[in-house]
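Here is what each chain is made of, one letter per residue.
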Amino acid sequence: MDLFQAGPADLRSLRDSAPVHRDERTGLWLVSRYDDVRAVLADPDRFHPDNALTAVTPIPRPVLRVLARAGFSLPPTLANNGTDTHGDLRRLVARFLTPARVAAMEPRIARLTAERLGRLTGGGEVDLHPVLARDLPAIVLMEVMGIDDVDVDALKAWSTASLELFWGDVTVERQYELAKPTAAFHQWLTSRIKAADPAGDDLFGALRAAGVPIRDAAGLCYFLLIAGQETTTQLLSAAFHAVLGHGDLWSRLDEPGMAAACVEEVLRRDAPVNTWRRIAAEPVTLSGVDVPAGAPLLLMLAGSGSDPEVFPEPERFCPARSNARKHLAFGYGRHFCLGAGLARLEAEVVLRETARRFPGLRLASAEPPPMLGLLSFRAPLSVNVLLGDAGGPGVTSLAPGIALRDLEHAGRSATMPRL
C-alpha cells in the first residue's frame, strides 16, 4: 500500500484486517479504527504530538543547512507542542477565531465569492480551483488575523512548497528546490513579526505584546498560516467534487442547512487532512496489538470517518447523517483545529453562493481528477466544470425532492446514490 496515495479500498482493508499495523517502509504504526484514533488524540499524556511537523522524508544535512542559514526552525508551539506552553499560545491564537469573529466574516466571504464568480461567463468550461479554491481562503485567513500587505501568490507558493517538503515523498534534488521558498517564507514571517506593533490588533502584534520569543512566534505562524488556508483550499475542491457528483444536491444547496450538512459529509468521507502523527510515550495496546514506547503512529483520519462501527453505510454520501459531525477531520481533544469554524463557514458559503450564481453547473468529466498526494494532505488539484447558464446574484434553483430532515431515511434513492 502506498501511504501517499491510499484510497478507500486500502483504508477499508486496513480497518478490517490490520487495524494497527507497522508499515515497513516508513516505520510508522498505522492506526485506522475510529475508536483507536479518537483514543490516541484524546490522551496527550500517553501519545505525544512531538512528531506532528517532522519531515516525513528525512531532510539530509546539506538541505538542512539551506534552512539553517535562513534561521528556519519549528520549536514546539501549537500542533507539535506537548509542553505547558501550549495552552497560552493556543488561547492567544483563539482570540482571532472566536465564533463571533468568524461569523462576522460571512458577508465578506460571500462578496469575495461573488466577485470571482462575476468574472465568469455562463456556458463554458472552467477550473474552479484557481478561480475560487486557491486564493480565497488565504485572503480570508489574513483578514481574520488582521494581517495586511500580503502577496497572496507568494504565500501560496511558500505554502505549497512547505507542504511538499515536510509531507511529500520527495527526492533530495526536489528537497533542495523546496527548501528555498520554505526558507523565504520563514524569513518573511520573522521580519514581519520583528516589525510588528505590540499595540496592534493583528496576530503579529499580539505575539509581540505577549512577549513570545521571535523564534517561537515565527514557528507558530509558519504552520498556522499554511494550514489555516491550504486545508480550506483542499476542502473546497473536495466539496465541489462531492456535491456535484451526487444526484440533485447541487440544485438544493440553498435549502436551510443543506450546504452545511454537505460540508460535514465531505469532512467525514474526504477529509483534506487524511492522516496525522503521534508518538507513543509508553508501551500501549490498541485493538489487541502491542505498540512499543517511542513508536511513531500514523492516525488514519480518513479511514476513521468511514468506520462502519460508527457511521452506518459509511460509503454513502448522506448530508442528513445524524452523527456526521462526530468525524475526526479536525482532530480531537487538546489539539482540535482552531480554524474549524472558519473552514466550515467558508466551504458552506462558497458552495451556496456558487450554486446560486450557476444553478446548472456540473462536472466537465466523470474521470477522477488529479490528486494532491502528500502523507497527511489529499484533495483534488482541479475542479473542471461546465458552468451552464448564470442565474445571477440571489437566484436559486431548487429541484423538487424530499426534505433534508427526511434524507437520513431515504435509503439508496436517486437523491442519495450509493457509491
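All values reported here derive from a predicted model rather than from experimental measurement.

Student: Help me out: how do you make sense of the overall build of the protein in this one?
Tutor: In terms of regular secondary structure, the protein is built from 15 helices and 12 strands. Radius of gyration (C-alpha) of the protein: 21 Å, near the 22 Å computed for a compact globule of 419 residues. With the C-alpha coordinates of the protein rotated into their principal frame, the extents come out at 60 × 55 × 40 Å. Counting contacts in the protein only where the partners sit at least 6 residues apart, residues at least 24 apart contribute 75% of the total. If you sum the accessible surface of the protein, you get close to 17300 Å²; carbon and sulfur atoms cover 52% of it.

Student: What am I meant to see in the state of the cysteines here?
Tutor: Two cysteines joined by a covalent bond between their sulfur atoms form a disulfide. Summed over the entire model, instances satisfying the criterion amount to zero disulfides. In this model Cys262 remains outside any disulfide bridge; the closest cysteine sulfur is found in Cys318, 9.8 Å from its own. Note on Cys262: relative accessible area 0%, which makes it buried. Left unpaired, Cys337 is separated from the closest cysteine sulfur, that of Cys221, by 15 Å.

Student: Would you explain the pairing of strand 8 (residues 296-299) in this entry?
Tutor: Each regular strand carries side chains that alternate between the two faces of the sheet. In this sheet, strand 8 lies alongside strand 2 (residues 29-31) in parallel orientation, the contact comprising three bridges. Residue pairing for strand 8: Leu30 is matched across the bridge by Leu298. As paired strands, strand 5 (residues 276-280) and strand 8 are joined by four bridges and run antiparallel to one another. In the strand pairing of strand 8, Ile279 is matched with Pro296.

Student: Is there a simple way to think about the sheet that holds strand 9 (residues 362-363) in this case?
Tutor: Backbone-to-backbone hydrogen bonds join strands into a sheet, with any given pair of strands oriented parallel or antiparallel. With respect to topology, three strands assemble into an open sheet ordered 4-12-9, the strand pairing being antiparallel. Looking along the sheet, the strands with just one partner apiece sit at the ends: strand 4 (125-127) and strand 9. Relative to strand 12 (residues 384-386), strand 9 is paired through two bridges, and the arrangement is antiparallel. Looking at strand 12, one finds that Leu363 is bridged to Val385.

Student: Could you clarify how one ought to interpret the packing of helix 8 (residues 136-144) against helix 15 (residues 340-357) in this entry?
Tutor: The description of two packed helices rests on the angle between their axes and on the distance between the axes. Put simply, helix 8 and helix 15 touch, their axes get as near as 11 Å, and they point 135° apart. One finds that helix 8 runs oblique with respect to helix 15. For the element pair helix 8 and helix 15, the recorded crossing hand is right-handed. When helix 8 is examined against helix 15, the residues Leu136, Pro137, Val140, Leu141 and Val144 are found in contact with a partner set consisting of Leu342, Glu346 and Val350. The residue makeup of the contact of helix 8 with helix 15, split by class, is seven nonpolar, no polar and one charged.

Student: Just to check I follow, could you spell out the packing of helix 8 against helix 12 (residues 214-244) for this structure?
Tutor: In contact at an axis separation of 8 Å, helix 8 and helix 12 are set at 140° when each is read in the N-to-C sense. Between helix 8 and helix 12, the crossing angle belongs to the class labelled oblique. In the packing of helix 8 onto helix 12, the handedness of the crossing is right-handed. Contacts from Pro137, Ala138, Leu141 and Met142 in helix 8 reach Leu224, Leu225, Gly228, Gln229, Thr232, Thr233 and Leu236 in helix 12. Looking at the contact of helix 8 with helix 12 residue by residue, the classes come out as seven nonpolar, four polar and no charged.

Student: How should I be thinking about the nonpolar core in this particular structure?
Tutor: A general feature of soluble globular proteins is that nonpolar side chains tend to end up buried together. Grouped together as the largest cluster of nonpolar side chains are 140 residues, with contacts concentrated most on Met145, Trp167, Leu203, Leu225 and Trp276. It is helix 12 that contributes the most residues to this core, 18 residues altogether.

Student: How should I be thinking about the pairing of strand 5 in this particular structure?
Tutor: The buried count for strand 5 comes to four of five residues, which makes it a mostly enclosed element. The sheet contact formed by strand 3 (residues 47-48) and strand 5 spans two bridges and is antiparallel. Its bridge partner lying in strand 5, His48 is registered against Ile279.

Analysis parameters
Going along each chain's sequence as written, the residues are numbered from 1 onward. Where totals are concerned, whole chains, interfaces and linings use all residues; where local detail is concerned, this predicted model gives features only for residues with pLDDT of at least 70, and gives and counts side-chain atom pairs only at 80 or more. Side-chain calculation: all heavy atoms of the structure are included, whereas hydrogens and water are not. Under the DSSP-based scheme used, a helix requires at least four consecutive residues in state H or I and a strand at least two consecutive residues in state E, with every element numbered from the N terminus. C-alpha atoms define the radius of gyration in this analysis, and the globule rule sets the expected value at 2.2 Å times the number of residues to the power 0.38. Contacts are residue-level and defined by heavy atoms, with any inter-residue pair within 4.5 Å sufficient. Only the protein chains shown count as cover for residues, and all accessible areas are computed by the Shrake-Rupley method using a 1.4 Å probe. For this text, the term disulfide refers to a pair of cysteine sulfurs within 2.5 Å. Burial classification: accessible surface area is computed with a 1.4 Å probe over protein chains only, and a residue below 20% of its type maximum counts as buried, one above 50% as exposed, and the rest as partly exposed. For two strands to count as paired, DSSP must find a minimum of two bridges between them. Axis geometry follows a simple rule: fit a line to the C-alpha atoms, using only the stretch in contact for helices, then measure angles between N-to-C directions, giving values from 0 to 180 degrees. Any angle from 65 to 115 degrees is called roughly perpendicular, while one under 35 is roughly parallel, one over 145 is roughly antiparallel, and all others are oblique. Left-handed describes a crossing in which the near helix is turned anticlockwise from the far one by less than a right angle; the clockwise case is right-handed. Residues are grouped as follows: nonpolar covers Ala, Val, Leu, Ile, Met, Phe, Trp, Tyr, Cys and Pro; charged covers Asp, Glu, Lys and Arg; every other residue, Gly included, is treated as polar. Here, the term nonpolar core denotes a set of buried Ala, Val, Leu, Ile, Met, Phe, Trp, Tyr and Cys residues that are joined through side-chain atoms within 4.5 Å.

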